Amino acid sequence: MNLFYQPLIAEGVLHLDADESRHCVKVLRRQAGDALRITDGKGFFYDAIITQANDRQCVFRIEQQIAAEEPAAFIHIAVSPTKNADRIEWFVEKAVEIGVSRITLMECEHTERTYLKKDRLEKVAISAMKQSLKATLPVIDGLVPFQTVITNADTQGRFIAYVDQENPDHLVDMPTAPSYLLLIGPEGDFSQTELTQALTAGFRKVSLGKSRLRTETAALVGCHILNLLRA
């Protein structure tokens, strides 16, 4: 099954954009009368029929709207951007496939990269949403200061992954909750000041295992564990 994306379908926009139309008509050879499955990225699927198979603006009519199953929990990963942009793109792609609700790029004391192409990450997320046949596009926040992230945290489960040999609490052993926020630091980890600030703000220090993980790997492992916790 191929899934197409039209975020304004609920507002009455009944055609695919230029890129989606080109893929639908030129690549997949879809014709008038063929069925489409479309998502608005806001929790709904739409079954539709092509009425005009134009490779610049493929027009359709809606047959039915289907509400996707609600996720068992809201999963928010706040991660420090990696020096290599490809690695954070890899994380975004895989986290969307696994199931993430929000991704915040977080600026920490040891963050190595402070410039990101948010539009590029959003394109990666859209592609991953379509590939994994999901109906909800995660929110992606541009670079946000660490202090702002912890100050604005409103989830029930709040965790900071910190490399600490005396850290006995593994994320997998945490209690289930309707919402989670997990903080993942840069390669140099969080500073002691940041750790103290997070703990003061109600975050719980957790381990992701005995192995030392790269930032993007740690973020993905955390996302996967939180998905298992909510199962």
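So, how was this worked out
Residues numbered from 1 in each chain as written. Predicted model: local features only at pLDDT ≥ 70, side-chain atom pairs only at ≥ 80, totals over all residues. Heavy atoms only, no water. Pairing = 2+ DSSP bridges. Helix = DSSP H or I, 4+ residues; strand = E, 2+ residues; numbered from the N terminus. Axes fitted to C-alpha atoms, helices over the stretch in contact; angles between N-to-C directions. Buried < 20%, exposed > 50% of the residue type's maximum accessible area, 1.4 Å probe, protein only. Polar contact = N/O pair within 3.5 Å; in protein donor to acceptor, adjacent residues only side chain to side chain. Contact = heavy atoms within 4.5 Å. Expected span 1.5 Å × (residues − 1). Arc of directions from axis to C-beta. Phe/Tyr/Trp six-rings, centres within 6.5 Å; stacked < 30°, edge-to-face > 60°. Lys NZ or Arg CZ within 6 Å of the ring centre and 35° of its normal.

Asks: Help me get a handle on the sheet that holds strand β1 (residues 3-5), residues and values and all.
Replies: With mixed pairing, four strands are arranged side by side in an open sheet as β1-β2-β3-β4. A strand with exactly one partner marks an edge of an open sheet, and here the two such strands are β1 and β4 (59-67). Looking at each pair of strands side by side, their axes are set apart by 40° on average, direction ignored. Sheet topology note: the β1/strand β2 (residues 35-39) ladder contains three bridges and is parallel.

Asks: Quick one: what's the story with the side chain of S191, residue by residue and with numbers?
Replies: Along the chain, S191 turns up in the loop between β9 (179-184) and α5 (192-200). Judged by its relative accessible area of 8%, S191 falls in the buried class. A distance of 3.1 Å separates polar atoms of two side chains, one belonging to S191 and the other to E109. Among residues more than four places away in sequence, those in contact with S191 are E109 and H110.

Asks: Describe helix α2 (residues 85-98), naming the residues involved and giving the relevant values.
Replies: For α2, spanning 14 residues, the distance from its first C-alpha to its last is 20 Å, which sits close to the expected 20 Å at 1.5 Å a residue. Along α2, the positions that sit buried rather than exposed are I88, E89, F91, V92, A95 and V96. Across the axial projection of α2, the buried residues extend over an arc of 155°, all falling on one side. You can read the cap of α2 off the contacts: a side-chain oxygen lies 2.9 Å from the backbone nitrogen of D86, and it is on N84. Just downstream of α2, G99 is the residue with a positive phi angle, here 130°.

Asks: Describe the packing of aromatic side chains, and please don't skip the residues or the numbers.
Replies: What the rule picks out here adds up to two aromatic pairs. Ring centres 5.6 Å apart and planes at 50° place the aromatic pair F146 and F190 in the tilted group. Of the two residues, F146 is situated in helix α4 (residues 146-151) and F190 in the loop between β9 and α5; the sequence distance between them amounts to 44 residues. Here F146 matches F190 in class, with each residue buried. It is R37 that lies over the ring of F45; its NZ or CZ is 5.2 Å from the centre.

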